[in-house]
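The residues making up each chain are set out below.
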Amino acid sequence: MTGSVFTKPYTSAHNIVSLLYAVVFLLPFTHLFYVPLVIALLLALWRIREHGKQELRIGSLRQAGAAFLLCSFLSVINSPDKLFSLFNWCFLPLMYAVLYILIVTYADSRDIRKNLMLSFFAGAVLVMVYGIWQYTHIVDMATDMAAHDWVDASRFPMLYRRFYSTLENPNLCATYLLMMTSYSGAFFLFEKRRRQKGLLLLLTMGLVVCLALTYSRGAWISLLFILAVYGLEYDKRLFALLLLVPVILFFYQGQVAVRFLSLFSAQDTSIGMRFTMWRNTLGMISDHPLLGCGWGAYYLVYPDYDLLIRRAGVTIFHAHNMYLSVMANVGIPGAIAYFWFYFGHIRYAWRVYRKSQDTFYKAIGLGTIAAITAVAVNGIGDYTLFSIAVSMCFWALMAIGMSSYEDRLETDNR
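Residues numbered from 1 in each chain as written. Predicted model: local features only at pLDDT ≥ 70, side-chain atom pairs only at ≥ 80, totals over all residues. Heavy atoms only, no water.

Quick look at the overall build of the protein chain now. In terms of helices and strands, the protein chain carries 18 helices and 0 strands. Taking all 414 residues of the protein chain together, the buried fraction comes to 53%. The contacts of the protein chain with a sequence gap of at least 6 include a subset with a gap of at least 24, amounting to 76%. Counting every atom, the protein chain has about 19,000 Å² of accessible surface; 68% of that belongs to carbon and sulfur. (Helix = DSSP H or I, 4+ residues; strand = E, 2+ residues; numbered from the N terminus. Buried < 20%, exposed > 50% of the residue type's maximum accessible area, 1.4 Å probe, protein only. Contact = heavy atoms within 4.5 Å. Areas by Shrake-Rupley, 256 points an atom, 1.4 Å probe, with all protein chains shown as cover.)

Moving on to a nonpolar patch on the surface. Together, L70, F73, L74, I77 and L86 make up a nonpolar patch on the protein surface, roughly 430 Å² of accessible area in all. Element by element, the count of residues in the nonpolar patch is highest for helix α3 (residues 62–74), at 3 residues. (Patch = residues over 30% accessible without salt bridge, like charges linked within 9 Å, V, L, I, M, F, W, Y side chains within 5 Å. Salt bridge = Lys/Arg side-chain N within 4 Å of Asp/Glu carboxyl O.)

With 13 residues, α3 should reach 18 Å at 1.5 Å per residue; the first-to-last C-alpha distance of 18 Å fits that figure. Buried within α3 are the following residues: A64, G65, F68, C71 and S72. Projected onto a plane normal to the axis of α3, the buried residues spread over an arc of 130° and lie on a single side. Along its buried surface, α3 packs onto α4 (82–91), α5 (93–106) and α16 (322–355). (Expected span 1.5 Å × (residues − 1). Arc of directions from axis to C-beta.)

Right, let's get into the packing of aromatic side chains. Throughout the structure, instances matching the rule amount to 33 aromatic pairs. With 5.7 Å between their ring centres and 80° between their planes, F84 and Y299 make a pair best called edge-to-face. Here Y299 lies in helix α14 (residues 298–301) and F84 lies in helix α4, a separation of 215 residues in the sequence. The class for F84 is partly exposed, based on a relative accessible area of 25%. (Phe/Tyr/Trp six-rings, centres within 6.5 Å; stacked < 30°, edge-to-face > 60°.)

This paragraph deals with unusual backbone geometry. Positive phi values are uncommon outside glycine, yet E168 reaches one of about 75°. With respect to the secondary-structure elements, E168 resides in the loop between α7 (138–148) and α8 (170–190). Within the chain, H320 stands out as a residue other than glycine whose phi angle is a positive 55°. On the secondary structure map, H320 appears in the loop between α15 (307–312) and α16.

A few words now on the nonpolar core. Residues L37, Y342 and M392 are the most contacted members of the largest nonpolar core, which totals 107 residues. The element contributing the most residues to this core is helix α18 (residues 388–413), with 14 residues. Not counting residues up to four positions away in its chain, the partners in contact with L37 are V23, M95, V98, L99, L102 and M392. Counting residues in hydrophobic clusters, the runner-up holds 13 residues, among them W278, M284, Y302 and I309. (Core = buried A, V, L, I, M, F, W, Y, C linked by side-chain atoms within 4.5 Å.)

Right, let's get into the state of the cysteines. Applying the stated rule across the entire model yields 0 disulfides. We note that C210 lacks a disulfide partner, and the nearest cysteine sulfur, in C173, lies 7.4 Å from it. (Disulfide = S-S within 2.5 Å.)

Helix α17 (residues 359–378) packs onto helix α6 (residues 110–136) with a crossing angle of 50° between their chain directions and a minimal axis gap of 11 Å. Overall, the two elements α6 and α17 adopt an arrangement that is oblique. Here the hand of the crossing between α6 and α17 comes out left-handed. Between α6 and α17, the contacting residues are R110, R113, K114 and M117 on the first element and F360, Y361 and I364 on the second. In terms of residue class, the contact of α6 with α17 is built from 4 nonpolar, no polar and 3 charged. (Axes fitted to C-alpha atoms, helices over the stretch in contact; angles between N-to-C directions. Parallel < 35°, antiparallel > 145°, perpendicular 65-115°, else oblique. Left-handed = near helix turned anticlockwise from the far one by under 90°. Nonpolar A, V, L, I, M, F, W, Y, C, P; charged D, E, K, R; others polar.)

Position of R274 among the secondary structure elements: in helix α13 (residues 269–287). Despite its burial, R274 pairs with no opposite charge; the closest candidate is D382, at 4.1 Å N-O. Once residues lying within four places of it in the same chain are set aside, the contact partners of R274 are N171, H320, G381 and D382. (Lys, Arg positive; Asp, Glu negative; His and termini not counted.)

Considering the arrangement of structural elements, one finds D306 in the loop between α14 and α15. Judged by relative accessible area, which is 10%, D306 ranks as buried. In this structure, D306 is in contact with T276 and N280, ignoring residues within four places of it in sequence. Looking at D306, its side chain comes within polar contact range of the side chain of N280, at 3.3 Å. At a separation of 3.0 Å, a polar atom in the side chain of D306 contacts the side chain of Y302. (Polar contact = N/O pair within 3.5 Å; in protein donor to acceptor, adjacent residues only side chain to side chain.)

Written out as C-alpha cells, the structure reads:
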C-alpha cells in the first residue's frame, strides 16, 4: 500500500501492530492492556524520532477530538480534587486518544484490520465462555446480585442471576455485547463462504443469548435498533425478525418477559431513580456550563445536589445518561466536541459502506453505524462508556472504521 509505515521487510511497526493485537484482545479482561499499549506508544515515538518526521495519522475528525481533549483537560480547573481529575484524565481520555491514533496509523492494510477484528472476536468468545460458566454457578451469582444491588428484589423476586462475565456489572457487559453483535452480525450478512458464515452465525447467536441474560432492558431496546440499521441499510426483509419480539414475550413467561414489560411500569424504582438523577444533573450543568464540574469528578459534586444520597453515603459515579454525564463533567462546549467526534464516525462509516466493493469494508462500515446507534440509544438510560474497558473497546472499533475510511480516501485520490 502506498504510504504504508511498513517500509522494510520487518520493522518496529510490525512490533507495534502485534502489541495492538494484544491490547484489543485484553480490553474486556484486565487493565493489563495498558502494558502493551504504553510499549506500543513508546515504539511509535521512537520511530518518529528515528525517521525525523511526523508519521502518525489522526483521522478526519481530528478537530473534534482535539477540542474534546482540550475541554476535558481544562475542566480539571473546576474539580474539587484536581490531582485525581488530572490523573484520571491521563488514564482515560488521553489513553483513548493514544489507542485511537495508533490504530488509525498502523492499521494501514486490510489484513491488519481483519486481524484486529479477529482479536476482538476471540476476546468476545472467551467473555461468553467465562460468563456462561459464571452464570451456571447460581449460589455465587445470587451472592453477587445481593452484594452489588443489580436488581430490585421486591420487583423481581425470581431474578437470581444476571450475565456479566469479566465486565464488572451486567449493564457494562451488555454494552460490550452490543458492540460485538453489531460487527459480528454485519460480517455474517456479507460473508459468502459457507463455513465462515456458519461460524459468524454461531458467534452472533451466542452474543445475542448472552445479551438477553444480562437482563439489561436498555440493551434489549438497543438490539432492536441494530436490527433496524441492518434493515434500512442492507435488506428491509430483516424487519420481519421484529415479529419475534411479541411472540417471545407471549410464549416465554419468564423473567426476560417480566423484566422487559417493567419498562412500561410507573412502579419501577430504577426508572424513578434515573429521573431524579437527571433532574439533579441538570442543576449541575446549569451551575457549571462552560467547564463542567471536572473530568471524573461527578461523584464528588453530585452529593451537593442530592441530600438523600449525601445522608445515605451512597456514591453516584454518573447520571445514568451519557449525554447529561458528559455535559456535567466537561461542560456544554466539551460535550459538543465529544458528540461531534462520536456521531461524526457515522458519516465516514457510511461512506465506507456505500463506496467499497470489498465485503470486508462494507461489513466494517455497517457494523460501525450499528454500534454507534446501539450505544447512543443505550446511552439514554445509562452511561456505560464511563467504564475504561467498554470505552476503550468502543474507540478502538471506531479507529478501525476510521482507518478503513482513510484507506478508502487514499485509494480514491490515487
